[in-house]
Protein chains: 2
Amino acid sequence: MMIIPIGVIHTPFATMEKVPIQPCYSNEVGEVELFREYEEGLEDLEGFSHIVILYLFHKSGRPSLRVKPFLDSDEHGLFATRHPNRPNPIGMSVVKLIERKGRVLRVKGIDVLDGTPLIDIKPYVPSFDHSTDVRIGWLQGKA
Amino acid sequence: MMIIPIGVIHTPFATMEKVPIQPCYSNEVGEVELFREYEEGLEDLEGFSHIVILYLFHKSGRPSLRVKPFLDSDEHGLFATRHPNRPNPIGMSVVKLIERKGRVLRVKGIDVLDGTPLIDIKPYVPSFDHSTDVRIGWLQGKA
């Protein structure tokens, strides 16, 4: 299955070391630029205050099934972490949509490298995407 | 960029008409089966009560930039909807992890077709994935 970039994400983070671990650790503003041929698909997105972006971890390393996450000093199974070195290096972030200017979305809470390839945008809908009574395993007390 | 299935999702939904629109409309239990070579990556996932699964909309139609979503009779821009006919047909669901048996995860709230190809599993972490003060545009009153 081929995945194609549908846009590019512009952020203040030129190197991995500067990228926040997750959106909740970022107050930075970035621009999600959709390629021209997809612009029509953005109609009505302004009504949503938050969006989910899917993107490629284009600078990730070789997939590894055990990783040491940024928030811990112990190794964990890859799928119990958000580490970028995944079999399918796809990242997901929920960010705040500040405004749309044509095919450019200004978003707050961005946590990806400058130049990251965008692969999808979805509206964030709490009744779809939010759960309560949540346990967070090894991240308890860390996230 | 090539995406590879890392497993398969077993659900009670054999046809599109039977699939719930989102996990919040489903109480059904499904099994997320990871292929053997990735099993090691599941370690520590049991600590999490909820997981995010990414999968392919393998029965979706040709991408369309304007779609009529299941929850509305009006057309909207594709990226303001969760419609499957996307340039990159990747779906995302937050589901409850009931138990792990080896490389099979029993999950509740499944909303995908039986046989859906799995492409990623991530732990669901409210401080990463949940936002407050949310507006949901055309879905207001519908979701």
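Quick look at the structure, then. (Residues numbered from 1 in each chain as written. Chains lettered and ligands numbered in written order. Predicted model: local features only at pLDDT ≥ 70, side-chain atom pairs only at ≥ 80, totals over all residues. Heavy atoms only, no water.)

Turning next to the overall build of chain A. Along chain A, the regular secondary structure elements total one helix and eight strands. Start at the N end of chain A and walk to the C end: the helices and strands fall as β-β-β-β-β-β-β-β-α. Overall, chain A is about 45 × 35 × 30 Å in size when its C-alpha atoms are taken along their principal axes. Looking at the 143 residues of chain A, the share that counts as buried comes to 55%. Partitioning the intrachain contacts of chain A with sequence separation of at least 6 by distance along the chain shows that 75% fall at a separation of at least 24. For chain A, the exposed area adds up to about 6,100 Å²; of that, 49% sits on carbon and sulfur atoms. (Helix = DSSP H or I, 4+ residues; strand = E, 2+ residues; numbered from the N terminus. Buried < 20%, exposed > 50% of the residue type's maximum accessible area, 1.4 Å probe, protein only. Contact = heavy atoms within 4.5 Å. Areas by Shrake-Rupley, 256 points an atom, 1.4 Å probe, with all protein chains shown as cover.)

Let's shift gears to the sheet that holds strand E2 (residues 29-34) of chain B. Residues and elements named next belong to chain B. An order of E1-E2-E7-E6-E3-E8 is seen for the six strands of this closed barrel, with the pairing classed as antiparallel. Put simply, the sheet's adjacent strands are angled 45 degrees from each other on average, direction ignored. Bridging between strand E3 (residues 50-56) and strand E8 (residues 116-123) involves five bridges; their strand directions are antiparallel. The residue bridging tyrosine 55 from the neighbouring strand is leucine 118, located in E8. (Pairing = 2+ DSSP bridges. Axes fitted to C-alpha atoms, helices over the stretch in contact; angles between N-to-C directions.)

Turning to the relation of the copies chain A and chain B, a few remarks are in order. The two copies are related by a screw motion: chain A maps onto chain B through a turn of 180 degrees and a shift of 0.0 Å along the axis, at an RMSD of 0.0 Å. Put plainly, the chains are arranged around a two-fold axis. Minimal C-alpha separation from the rotation axis in chain A is found for A:Met2, amounting to 2.4 Å. A symmetric contact is evident, with 100% of the interface residues of chain A recurring at the interface of chain B. (Least-squares fit on C-alpha atoms with pLDDT ≥ 70 in both.)

Counting 32 residues, the largest nonpolar core has A:Leu45, A:Ile51, A:Ile53, A:Leu105, A:Ile121 and B:Phe79 as the members making the most contacts within it. Secondary structure elements with two or more residues in this core: strand E2 (29-34), strand E3 (50-56), strand E6 (90-101), strand E7 (104-108) and strand E8 (116-123) of chain A. Discounting chain neighbours no more than four positions away, the residues touching A:Ile51 are A:Leu45, A:Ser93, A:Val94, A:Val95, A:Leu97, A:Leu105, A:Val107, A:Ile121, A:Lys122 and A:Tyr124. Core analysis: the second largest hydrophobic core is formed by 30 residues, A:Ala80, B:Phe13, B:Tyr38 and B:Val125 among them. (Core = buried A, V, L, I, M, F, W, Y, C linked by side-chain atoms within 4.5 Å.)

This brings us to the packing of aromatic side chains. Enumeration according to the criterion identifies two aromatic pairs over all chains in this entry. Geometrically, the ring pair formed by A:Tyr55 and A:Phe57 is edge-to-face, given 5.7 Å between the ring centres and 85 degrees between the ring planes. (Phe/Tyr/Trp six-rings, centres within 6.5 Å; stacked < 30°, edge-to-face > 60°.)

Each side of the interface is counted separately: chain A has 67 residues, and chain B has 68 residues. Three residues stand out in chain A for area buried against chain B, namely A:Met1, A:Phe79 and A:Phe128, and they jointly supply 14% of the buried area on that side. Joining chain A to chain B, the criterion identifies six salt bridges. The salt bridge partner of A:Arg82 is B:Asp129, with a shortest N-O separation of 2.9 Å. Applying the counting criterion to the chain A and chain B interface returns 37 residue pairs in polar contact (both at pLDDT 80 or more). Sorting the residues of the side of chain A that touches chain B by element identifies E3, strand E5 (76-77), E6, E8 and helix H1 (126-129) of chain A as the ones contributing at least two each. Tallying contributions element by element places E8(A) first for the side of chain A that touches chain B, with five residues. Split into classes, the residues belonging to the side of chain A that touches chain B amount to 38 nonpolar, 15 polar and 14 charged. (Buried area = accessible area lost by both parts, 1.4 Å probe. Salt bridge = Lys/Arg side-chain N within 4 Å of Asp/Glu carboxyl O. Polar contact = N/O pair within 3.5 Å; in protein donor to acceptor, adjacent residues only side chain to side chain. Nonpolar A, V, L, I, M, F, W, Y, C, P; charged D, E, K, R; others polar.)

Take the pairing of strand E6 (residues 90-101) of chain B next. Residue and element names in this part refer to chain B. Alignment of E3 against E6, held across seven bridges, turns out to be antiparallel. Bridge pairing links leucine 56 to isoleucine 90 in E6. Both E6 and strand E7 (residues 104-108) contribute to a ladder of five bridges, which runs antiparallel. When the sheet's bridge partners are listed, arginine 100 is paired in E7 with leucine 105.

With that out of the way, let us pick up a nonpolar patch on the surface. Taken together, A:Ile21, A:Tyr25 and A:Phe70 make up a surface patch of nonpolar side chains, about 330 Å² in accessible area. Tracing the backbone through its elements, the reader meets A:Ile21 in the loop between strand E1 (7-10) and E2. (Patch = residues over 30% accessible without salt bridge, like charges linked within 9 Å, V, L, I, M, F, W, Y side chains within 5 Å.)

As far as function goes, none of this settles anything; it's purely spatial.
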